[in-house]
Amino acid sequence: MALELYLDLFSQPCRSVYIFAKKNNIPVEVKRVSLMDGEQFSEEFGKISLIRKVPALRDGDFCLAESIAILLYLAQKFKTPDFWYPADLQQRACVNEYLSWQHSAIRWHGSRIFWLRVLIPKIMGVDVPQDKLDAALEDLNGSLELIEEKFIQDRPFIAGDQISLADLVAIVEIMQPVGSGLDVFEGRPKLSAWRDRVQAAIGQELFDEAHKPILGAQESAKLIDGSKMEFFKPKILKLFM
């Protein structure tokens, strides 16, 4: 049985796993799971992941959830180039530091901006108060400043001279608010230069392919049936508003 990846490229963790697998020519079969249609709650997907989140991986009888765990599994199983997850103790520590930090920082703040600017008003039809948007933007800016000053500093990449899993996970998260129409790179030359290096290391074609759904989100949101999200509406509004 081929290794299977269950993904929705609207999701930033899914994009990191997809890019990593494609860039390293890892033989996988991609199974699309539509989050907007609630396919993660299907009986079939529940057999793959009781967590009911994407990405998810199935390798024979072995199933795995959580993007970071999946990335590390793929890196070690397929012995990808060392720069992705360096053997050097301090470089690996830098990668681990970023991967540990990002879950409750840039991940949350970038996701919240996307929901407040796109999904909640355009699909759920709920007006988002300006003070909520302002607070979310302030939090996002704080995380972006930390990425520049703490994690990138004066290095080409987060862990040194080459791209690593830390950069890959960082770029997909930073692109999430970009999908809402917010240019987070404006006025940030250090972050912009880092983005250009990451794109070049990944390859522009693969980068664009992976981010096409999120960068077209404002248009595709017009075609999404909002009634499919009514069941989740109270939970989503409580979480993001």
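Residues numbered from 1 in each chain as written. Predicted model: local features only at pLDDT ≥ 70, side-chain atom pairs only at ≥ 80, totals over all residues. Heavy atoms only, no water.

Enquirer: Describe in detail the overall build of the chain, supporting the description with residues and values.
Expert: Within the chain, the secondary structure is distributed over 11 helices and four strands. For 241 residues, the compact-globule formula gives about 18 Å, and the C-alpha radius of gyration of the chain, at 18 Å, lands near that figure. Excluding contacts between residues fewer than 6 apart, the proportion of contacts in the chain whose partners are at least 24 apart in sequence is 73%. Placing the 29 positive and 34 negative side-chain charges of the chain at their respective mean positions leaves the two points 3 Å apart. (Helix = DSSP H or I, 4+ residues; strand = E, 2+ residues; numbered from the N terminus. Rg over C-alpha atoms; globule rule 2.2 N^0.38 Å. Contact = heavy atoms within 4.5 Å. Lys, Arg positive; Asp, Glu negative; His and termini not counted. Charge placed at Lys NZ, Arg CZ, Asp CG, Glu CD.)

Enquirer: Tell me about the sheet that holds strand E3 (residues 56-59), residues and numbers included.
Expert: Ordered in space as E2-E1-E3-E4, the four strands form an open sheet in which the pairing is mixed. Among the strands making up the open sheet, the edge pair consists of strand E2 (28-32) and strand E4 (62-65). Strand-to-strand twist of the sheet, defined as the mean angle between neighbouring strand axes without regard to direction, takes the value 20 degrees. Across four bridges, E3 lies against E4 in antiparallel orientation. Its bridge partner being in E4, aspartate 59 is matched across the sheet by phenylalanine 62. Lying over the sheet, helix H1 (residues 12-23) contacts strand E1 (3-7) and E2, oriented at roughly 145 degrees with respect to E1. Here helix H3 (residues 67-77) sits on the sheet and contacts E1, E3 and E4; the angle it forms with E4, its principal contact strand, is near 130 degrees. (Pairing = 2+ DSSP bridges. Axes fitted to C-alpha atoms, helices over the stretch in contact; angles between N-to-C directions.)

Enquirer: Please set out the packing of H1 against helix H9 (residues 204-215) residue by residue, giving values where relevant.
Expert: Where H1 meets H9, the closest approach of the two axes is 10 Å, and the angle between their N-to-C directions is 155 degrees. As judged from the angle between their axes, H1 and H9 are roughly antiparallel. For H1 against H9, the interelement crossing comes out right-handed. Along its contact with H1, which presents Arg15, Tyr18, Ile19, Lys22 and Lys23, the element H9 presents Leu206, Glu209, Ala210, His211 and Ile214. Taken together, the residues of the contact of H1 with H9 sort by class into five nonpolar, one polar and four charged. (Parallel < 35°, antiparallel > 145°, perpendicular 65-115°, else oblique. Left-handed = near helix turned anticlockwise from the far one by under 90°. Nonpolar A, V, L, I, M, F, W, Y, C, P; charged D, E, K, R; others polar.)

Enquirer: Explain the nonpolar core residue by residue, including any values.
Expert: Of all hydrophobic cores here, the largest spans 81 residues; its most connected members are Phe20, Tyr98, Ile120, Ile171, Ile174, Trp194 and Ile202. Among the elements that make up this core, the one with the highest residue count is helix H7 (residues 165-178) (nine residues). Sequence-distant contacts of phenylalanine 20, defined by excluding residues within four places in its chain, comprise Ile26, Leu71, Leu74, Ala75, Thr80, Trp84, Leu165 and Leu168. (Core = buried A, V, L, I, M, F, W, Y, C linked by side-chain atoms within 4.5 Å. Buried < 20%, exposed > 50% of the residue type's maximum accessible area, 1.4 Å probe, protein only.)

Enquirer: Give me the packing of aromatic side chains: which residues, what numbers.
Expert: Summed over all chains, the structure comprises 10 aromatic pairs. Between the aromatic rings of tryptophan 101 and phenylalanine 151, the centroid separation amounts to 4.8 Å while the plane-to-plane angle is 40 degrees, which identifies the pairing as tilted. Residue tryptophan 101 is found in helix H4 (residues 89-102), and its partner phenylalanine 151 is found in helix H6 (residues 130-152); the two are separated by 50 residues along the sequence. As far as the burial class goes, tryptophan 101 and phenylalanine 151 line up, both buried. By way of ring pairs, the aromatic residues Phe20, Phe83 and Trp84 are connected into one cluster. Cation over ring: lysine 150 sits above phenylalanine 151, and NZ or CZ is 5.8 Å from the ring centre. (Phe/Tyr/Trp six-rings, centres within 6.5 Å; stacked < 30°, edge-to-face > 60°. Lys NZ or Arg CZ within 6 Å of the ring centre and 35° of its normal.)

Enquirer: Quick rundown of the environment of isoleucine 70? Include the residues and the values.
Expert: Position of isoleucine 70 among the secondary structure elements: in helix H3. Since its relative accessible area comes to 0%, isoleucine 70 is described here as buried. Here the alpha-carbon distance between isoleucine 70 and aspartate 59, two residues 11 residues apart in the chain, equals 11 Å. In this view, isoleucine 70 contacts Leu5, Val17, Pro55, Ala56, Leu57, Leu64 and Ala65; residues no more than four positions away in its chain are not counted.

Enquirer: Go over the packing of H1 against H7 with me, naming the residues and quoting the values.
Expert: Two elements in contact, H1 and H7, have axes separated by 9 Å at closest approach and are oriented at 135 degrees. Compared by their axis directions, H1 and H7 come out oblique. Crossing angle aside, the handedness with which H1 passes H7 is right-handed. Residues Gln12, Pro13, Arg15, Ser16, Ile19 and Phe20 of H1 pack against Leu165, Leu168, Val169, Val172, Glu173, Met175 and Gln176 of H7. Of the residues assigned to the contact of H1 with H7, the class counts are eight nonpolar, three polar and two charged.

Enquirer: Hey, could you go over the pattern of salt bridges for me, with residue numbers and the actual values?
Expert: Pairing is possible between side chains of opposite charge, provided their charged atoms come close. Applying the stated criterion across every chain yields a total of nine salt bridges. Its salt-bridge partner being glutamate 97, residue lysine 150 comes within 2.9 Å of it at the nearest N-O pair. On the criterion of sequence distance, the pair formed by lysine 150 in helix H6 and glutamate 97 in helix H4 is long-range, its members being 53 residues apart. Residue classification places glutamate 97 among the partly exposed residues on the basis of a relative accessible area of 35%. (Salt bridge = Lys/Arg side-chain N within 4 Å of Asp/Glu carboxyl O.)

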